[in-house]
Every structure is written in C-alpha cells, then in structure tokens.
Amino acid sequence: MAITKKTVKDIKFDDKRVVMRVDFNVPLKDGVIQDDTRIVAALPTITYILQQNVKSLVLMSHLGDPKKDIAKAREKAEKDGKAFDEKKFSEGKHRMAPVAAHLSKLLNKEVKLAPGTIDEQTQKMVSSLSGGEVLLLENTRYNKEETSKDASEREKMAKILSTYGDIYVNDAFGTAHRAHASTETLAKFLPAVAGFLMEKELEFLEEKIVKNPQKPFVAIIGGAKVSSKIAVLESLLAKVDALVIGGGMAYTFLKAQGISVGKSLIEDEMLDTAKDVLEKAKNAGVKILLPVDHVVTQQFASDAQSKVTNSAAIEDGWMGMDIGPASIENFKNELKDCKTVFWNGPMGVFEFPKFAAGTQAIAETLAQLKDVTTVIGGGDSVSAVKKAGVADKMSHISTGGGASLELVEGKILPGVKALNDK
C-alpha cells in the first residue's frame, strides 16, 4: 500500500543539490561505532540519490545530546572527585568524524566532513561541492537552534540549511516525532520528500498497523513501565484482537487484579489506569493475556538464584524477572493463528542472559510464523530479535522506538507532516 507523501522516486534529481536528514545517532564508545544499523539503513536512499547524477549531497544528523550528556558526565566526575575533559568526552561520543569515515567505507566513496553545521566555513565548503560529492555536517545538536522551542530560532538555522540544496530529503524516521530545524522546519523552505527508509516505516507502521491491519491482529507490549506505554495500549485496544502484556509492566496489571506480586517492579500510581485498560478491553471484546507464571529471584542481579512460580502470584520477598514456561506456551498459542503482530518491549530483564528466555521465545516464535506481517516497534525488541538471530525473518524492524510508538498511538509526527503530499 502506497504512502500519501512524496518520495525520492517522485523527484527529478539531475544536476540538483540535495540536503538530506539521516538518523546517524549511533552508539559511540571512545570514538568507535558500536552498532552501524542506522547508517546501513540509510544506504539505499543515499545510493539511489548518488546514482541520479546529482551535483552534491549534504547529509546531516544529530549524535547523542551534547548539552545533556556533557552536563551529566561533568556532574558524575565532580561527584567522584575526578577531572572532566569536555573536549575529549565529546570527541568520543558526539563528533561525526567516525561516522564520516565509516560511511566512506560503506559507500566506497569519500565522505567529506564539515567543521560545523551553519558556520561560515561550512557554508563555503558546501558551495564548493560538485560532481556528486558527499559532505557530512557536524552534529546538528551542537546548534542550540536545532532543538529550540522558539520557531523563529529554528527557522534561522533552517534557512541557512536550505541554501545547501535544491531538494530536501528526510530519511530520519527515528527523529520524525521531533519538530527540530533539520527534521521539520527545513521542509518549509525546499521541496521535501521521504527517503526509502522513511517510506518503508510509514508503509508498515501507518498502513499495516494503524490503518489496515490484517486480522487476527495481536500486539505484544512489554518493558518496564505502564506509564511509558499507556497511550499505545489504549490506541491498540481499538485495533487488536488480543493484547499480550509482559515485562515489568505486567506486575502493575496483576496487582490491579488483586494478585500479589511480591517486591516486583510496580507503579502504584498506575493501578487505576491498569484497571481502566482491563475494563476497556473487556468492553471491546479484546483478549488480554498476562503472565500465569514467572521466573523470580530475591535480588536484582544477573546471577541471582531463581525459581519458577506455579501461578501468577509472587510471594513476599521475591521479584519477577521474566515470564515462566506456562506463560511462554500461552503467548505462543495466541500468536499461532494471527495475521499481524506488533511487538514493542521485552518480556523480562533480557539484558541478563539468565532472564532472557521469555523474550527469546517470543522472537523465535515470530520468526517461525508463516504469511504474517511482523512489525518490531524499535527499542529493546530490536536488540531481542538481533540477539536471537532472527532479525531477517521479521517483516519490518523499526529504526525509531519513540517515533514508532507515537505513530501507533495515532499521533501526527512533525517530520512526516512537513513532507510534500503526492
């Protein structure tokens, strides 16, 4: 099903200059890229544009949040009585040099690196580009205008960025829920179209999950907190046939039903909300599946002694760390006949291998389903399918945790709205 926004296929690029927003917000440790998934995800659009005989391609992305990260690191260093080297810290975590070098290798073509984003030197560099040269700007978030709440501040930055191209391409779905200068405001000044990654995200999330899911449709929602997922839970109730709830948030739902959960993670302030969701599901004829057994420990540690409960209740002094084997079977049975699955959030503390069995089982189950649209909604669920070695068996893995959740909640994403309609 086609999306309603224009894409790179709707534009003639011949001898045009292109400015493109990508999401190269990759994890860096001491200046070394730990996971290049987001860079690789943008390659189809970059390659396509370069094949269209363009004059130049200017790429821009944020990388972490320098202001916030530096403040946190400085505070920690002061607390520990250590000296803090801001320049060294930022070079290892926020600078685009490692990304430019890595992208050069992937494209087998030089990717130049700008010293800044909208400074004079960068503007000169951009104006000297020709013959399909590629330039990567420095981290957009070094400019306070990028994330400013003041639209006129963002416009100042966007106006300069608009001089870098004749066409604006947005392929950064992971930041489409932010109204930033490079993700939304820039679209006011240039013809604005979606890249292939943005198109694919909208095709799966908007068309196949929000608007036209094939039935039966099962959503699996996990993770630690009900509060962070309540909007998505409520919007899914109008669409799904069944809702599978796991992870830390399941304990709040169990407690809301009067089931003891020991010292498991719960949000007392969300108990009424959980009751409300259960009531709404009942009225809508939506089946809710919660864990019927758990893997429990007495302490939150990777090597803690554990046992499996024989019911949904957890005794005092114990905490849930993963769903148990009976819950796994229940969840698997619910999934076997479905046609659409949306999964966001792990079933337990899956970063500890000992408590990853539930999450792993869900990933493997989804990989074995035939003729089913399986959409993984970003975040930890993506790590889970990768760890299980089944990422290639999923219909779509979203590159944007926050953006994918907001889209499924039914929100209009500023970065998407700003693009030209077909």
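An account of the accompanying structure is given in this report. (Residues numbered from 1 in each chain as written. Predicted model: local features only at pLDDT ≥ 70, side-chain atom pairs only at ≥ 80, totals over all residues. Heavy atoms only, no water.)

1. Quick notes on the packing of aromatic side chains
Tallied over the full model, the rule gives three aromatic pairs. The interplanar angle of 75° and the centroid separation of 5.2 Å between the aromatic rings of Tyr48 and Phe196 together place this pair among those described as edge-to-face. Here Tyr48, found in helix α1 (residues 37-51), pairs with Phe196, found in helix α7 (residues 196-211); they are 148 residues apart in sequence, far enough to count as distant. Seen in terms of ring centroids, Phe84 and Phe89 are 5.5 Å apart; in terms of plane orientation they differ by 55°. Their pairing is tilted. The exposure class of Phe89 is partly exposed, given its relative accessible area of 23%. The cationic tip of Lys208 hangs over the ring face of Phe204; the distance from NZ or CZ to the ring centre is 4.5 Å. (Phe/Tyr/Trp six-rings, centres within 6.5 Å; stacked < 30°, edge-to-face > 60°. Helix = DSSP H or I, 4+ residues; strand = E, 2+ residues; numbered from the N terminus. Buried < 20%, exposed > 50% of the residue type's maximum accessible area, 1.4 Å probe, protein only. Lys NZ or Arg CZ within 6 Å of the ring centre and 35° of its normal.)

2. Brief notes about the pattern of salt bridges
On inspection of all chains with the given rule, the structure shows 21 salt bridges. Of the charged contacts, one joins Asp35 and Lys386 as a salt bridge, the two residues approaching to 3.7 Å between their closest N and O atoms. A residue pair is termed long-range when its members are at least 10 positions apart, and Asp35 in the loop between β3 (32-33) and α1 and Lys386 in helix α13 (residues 380-387) qualify at 351 residues. Residue classification places Asp35 among the partly exposed residues on the basis of a relative accessible area of 33%. Residue Glu86 is joined to Arg74 by a salt bridge in which the shortest nitrogen-to-oxygen separation is 2.7 Å. Here Arg74 lies in helix α2 (residues 66-79) and Glu86 lies in helix α3 (residues 86-93), a separation of twelve residues in the sequence. You can call Glu86 partly exposed: its relative accessible area is 36%. Residues participating in the shared-partner salt-bridge network are Glu234, Asp276 and Lys280. (Salt bridge = Lys/Arg side-chain N within 4 Å of Asp/Glu carboxyl O.)

The values are spatial; any link to function lies outside them.
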